[in-house]
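Summary of structural features
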Amino acid sequence: MGPKLSFLNVEGSLIFPPDTDPEHHRTFDAHYILVQGGYLEVGTEENRYTSKITITMHSTKYDPNLPIFGNKVIGVHYGQLEMHGVERPITWSDLLETAEIGATEITLNDMNGETLDWQVGEEIVIASTNFSGRDAEQRTITSITNIDSNPVITFDEPLIFKHYAGVQYFGDDFIEMRAEVGLLTRNVKYQGDETSPENQYGAVIIMHSPGDETTAARIDSVELTNVGQAFILGSYPIHFHMIGTVHSSYVRNNAIHHTFNRAVTIHGVHYLRVQNNVAYHTMGHTIFIEDAAETKNLIEHNLIVDVRRSWSLLNTDQTPASIWITNPNNIIRYNHAAGSDRYSYWYDLQITAIGPSFDPNICPENTRLGEFHDNVAHSNGRYGLRIFHNLIPREHPCDPVDYETNKPITANFYNLVSYKNKRNGAIIELSGAV
Amino acid sequence: MKLHGIESIDDDNTSYSCIPKLRIDDSVIELNPVIFDAAFTPVLTGMSTRFGSVLGNEQVEFYGTGFSASATTTVMIDNRECVVDSTTEDTITCTTSDKPYVPDTPKLELHINGFGLVATKGKVFRYISRWSDS
């Protein structure tokens, strides 16, 4: 193990090059890494980090805090962050057939021409299909066969819960319900130290600099665990904070598990892409659109498993959503939100933009819907989809509806599959043309 | 003479032909077509290393298409010359200059006389000091 650095200030570039031996394992330990106008690279999109690296962050809640960034943090301020592990073609899939209690193997759904590259020794999570999202189970792969059609995965310990897979027909209609299976292991790992779980105080990555495109972060195929800092607003595993447009940034193919404060926060940014991630065992709203000023962000094909109530955040985090949406003008599609103490998708639309983005001239309740289609919601404590309070979109959101000069706009929610929710599949309090 | 506007073309073709129009008062004359062709643009596809010492004096090889064995080729890395040693139609070899420590954004420019700038497609060369060197 190398030295445990205190404060690392990156004004030039800090580059971790991969080793030629894929089994080579580098460790790096620090309390603060601040990229100020600089460049931090752990693999790029074209030249990925192909050996193993574990970056571990240290500090306690009572250590000195940097403004905005806090501690136990990679902070990016007018800088560029590149983290790219080995690309995994499939980050999550689902079951072909039901896995019964006591089973030590599962069969996955058809790979559709892809090949599953999951390896023996890697960790997976099998989502709940019961009424409680907490019935998700994590296992270590002990063998894997049939990887190009219907992979059969065996694991170390028998299942405690049944995980359903099947199609039920209602006349010509049908509903497909399958427990999802997510891959939690990546070769590039970012984590909080061993004190994190006990203190609910993990590592975080925070991007902040005011101004469109002033900071770029591409976080791809990274495992983040023991991340997020409970009790501290703003200290989230991956937090884009008050930047403006971030066309060149993305959060893709990551596994974000065992967190103490959300997974991905989209705060005061537009055009961020959040795709193909697996989030598991998180606290509070997991993908979080914060101020209701954020628009045109793409949240696509993520798997979110086992979202837990947080008593150490905002009041609304006591009733958490897998994806919390405060402004409808964002794109939410092909996601599976598999188990939350309360909701999968919550359109908690605000009357104005709030927080640091406060603007009385942004009226999210009455803003047109970006996209919402082909999402799955199941195993929630309350509702699969909740639109609460209002959604009454119109041409000029801040003015009253007028059928001549300010016409309503229809909001279409397509192809939601919602099942095994303790209360309702979908619910709306007050809506216009939805 | 004025150029009015920008046309953006969204297709998979490697060339595009357009007809310039000359407008004098109210009469319009169509001129010979101008052809834009990807084959005319030299393209960088790879390099022997992405990293080099700030002390310079290291040889770097650039790989690509549409380079020239005979035309004068210049390579600038972060505005400092990488002195060209040899060129072929698909390689350029040069020796780096040194570079004092200045935090900046990397910039790679390869220019081939008569062919213009090489399309680098986001590839950059980074001056670094190795932790293991110190």
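Here the structure is a predicted model, which is why all the values come from computation and not from measurement.

Some thoughts on the overall build of chain A
- For chain A, the helix and strand inventory stands at 1 helix and 37 strands.
- Counting only C-alpha atoms, chain A reaches 70 × 50 × 40 Å along its principal axes.
- By residue count, 50% of the 434 residues in chain A fall in the buried class.
- Relative to all contacts within chain A whose residues are 6 or more apart in sequence, the contacts with residues 24 or more apart total 76%.

Some remarks on the pairing of strand S16 (residues 188-192) of chain A
Residue and element names in this part refer to chain A.
- Here S16 shows a buried face lined by Val188, Tyr190 and Gly192 and an unburied face lined by Lys189 and Gln191.
- Taken together, the 5 bridges between strand S5 (residues 52-57) and S16 define a ladder with parallel strand orientation. Looking at the pairing, methionine 57 lines up with glycine 192 of S16.
- By the bridge criterion, 4 bridges tie S16 to strand S19 (residues 222-227) in an arrangement that is parallel. By the bridge assignment for S19, glutamine 191 is matched with threonine 225.

Thoughts on the nonpolar core
- A:Ile126, A:Val305, A:Ile323 and A:Tyr345 are the most contacted members of the largest nonpolar core, which has 99 residues in total.
- When residues of this core are assigned to domains, at least three map to each of domain 1 (4-83 + 186-431) and domain 2 (92-183) of chain A.
- Other than its neighbours up to four places away in sequence, A:Tyr345 contacts A:Ala321, A:Ser322, A:Ile323, A:Ile325, A:Ile332, A:Ala337, A:Asn375, A:Ala377 and A:Leu385.
- Core analysis: the second largest hydrophobic core is formed by 13 residues, B:Phe67, B:Cys82, B:Ile92 and B:Cys94 among them.

Quick look at the environment of A:Tyr343
Residue and element names in this part refer to chain A.
- Following the sequence through the fold, tyrosine 343 ends up in strand S32 (residues 343-347).
- Using a count of 29 C-beta atoms within 10 Å as the deciding quantity, one classes tyrosine 343 as buried.
- Spatially, the C-alpha atom of tyrosine 343 lies 10 Å from that of arginine 308, the residues being 35 residues apart in sequence.
- Those residues in contact with tyrosine 343 that sit more than four places away from it in its chain are Ala321, Asn380, Arg382, Tyr383 and Arg386.

Digging into the interface of chain A and chain B
- At the interface, 7 residues of chain A touch 5 residues of chain B.
- Its residues assigned to classes, the side of chain A that touches chain B comprises 1 nonpolar, 5 polar and 1 charged.

Quick look at the confidence of the model for chain B
Residues and elements named next belong to chain B.
- Across chain B, the average pLDDT comes to 90, with 96% of residues at 70 or higher.
- Within chain B, strand S2 (residues 21-24) has the poorest average pLDDT of any element, 86, and strand S10 (residues 91-95) the best, 98.
- Both confidence scores are given for the complex: pTM 0.92, ipTM 0.77.

Focus: the sheet that holds strand S8 (residues 92-94) of chain A
All names here are of chain A.
- Strand order across the open sheet formed by 6 strands is S8-S15-S10-S11-S12-S9, with antiparallel pairing between neighbours. Only two strands of the sheet have a single partner each, and these edge strands are S8 and strand S9 (105-107). Each neighbouring strand pair of the sheet contributes to a mean axis angle of 35 degrees, computed without reference to strand direction.
- Pairing geometry for S9 and strand S12 (residues 152-155), over 3 bridges, is antiparallel. What sits directly across from threonine 107, in S12, is valine 152.

Some points on the sheet that holds strand S12 (residues 116-117) of chain B
Residues and elements named next belong to chain B.
- The antiparallel open sheet is built from 7 strands, whose spatial order is S5-S7-S10-S9-S8-S11-S12. On the outer flanks of this sheet lie strand S5 (43-47) and S12, each paired with one strand and no other.
- As paired strands, strand S8 (residues 73-77) and strand S11 (residues 108-112) are joined by 5 bridges and run antiparallel to one another. Note on S11: the bridge partner recorded for threonine 74 is histidine 111.

So, the environment of A:Asn47
Residue and element names in this part refer to chain A.
- As for its position among the elements, asparagine 47 is in the loop between strand S4 (39-42) and S5.
- For asparagine 47, a count of 14 C-beta atoms within 10 Å gives the class partly exposed.
- Separated by 30 residues in the primary sequence, asparagine 47 and proline 17 have C-alpha atoms spaced 9.3 Å apart.

Notes on the domain arrangement of chain A
Residue and element names in this part refer to chain A.
- Looking at the assigned domains, one finds that chain A contains domain 1 (4-83 + 186-431) and domain 2 (92-183).
- Between domain 1 and domain 2, the C-alpha centre-to-centre distance is 26 Å.
- Facing 19 residues of domain 1, the contacting portion of domain 2 comprises 17 residues.
- Along the lines of polarity and charge, the residues of the side of domain 1 that touches domain 2 split into 9 nonpolar, 6 polar and 4 charged.

Thresholds, definitions, all that
- Residues numbered from 1 in each chain as written.
- Chains lettered and ligands numbered in written order.
- Predicted model: local features only at pLDDT ≥ 70, side-chain atom pairs only at ≥ 80, totals over all residues.
- Helix = DSSP H or I, 4+ residues; strand = E, 2+ residues; numbered from the N terminus.
- Buried ≥ 20, exposed ≤ 12 C-beta atoms within 10 Å, placed from the backbone.
- Contact = placed C-beta atoms within 7 Å.
- Pairing = 2+ DSSP bridges.
- Core = buried A, V, L, I, M, F, W, Y, C linked by C-beta atoms within 7 Å.
- Domains from an automatic or database assignment.
- Nonpolar A, V, L, I, M, F, W, Y, C, P; charged D, E, K, R; others polar.
- pLDDT = per-residue confidence, 0-100.
- Axes fitted to C-alpha atoms, helices over the stretch in contact; angles between N-to-C directions.

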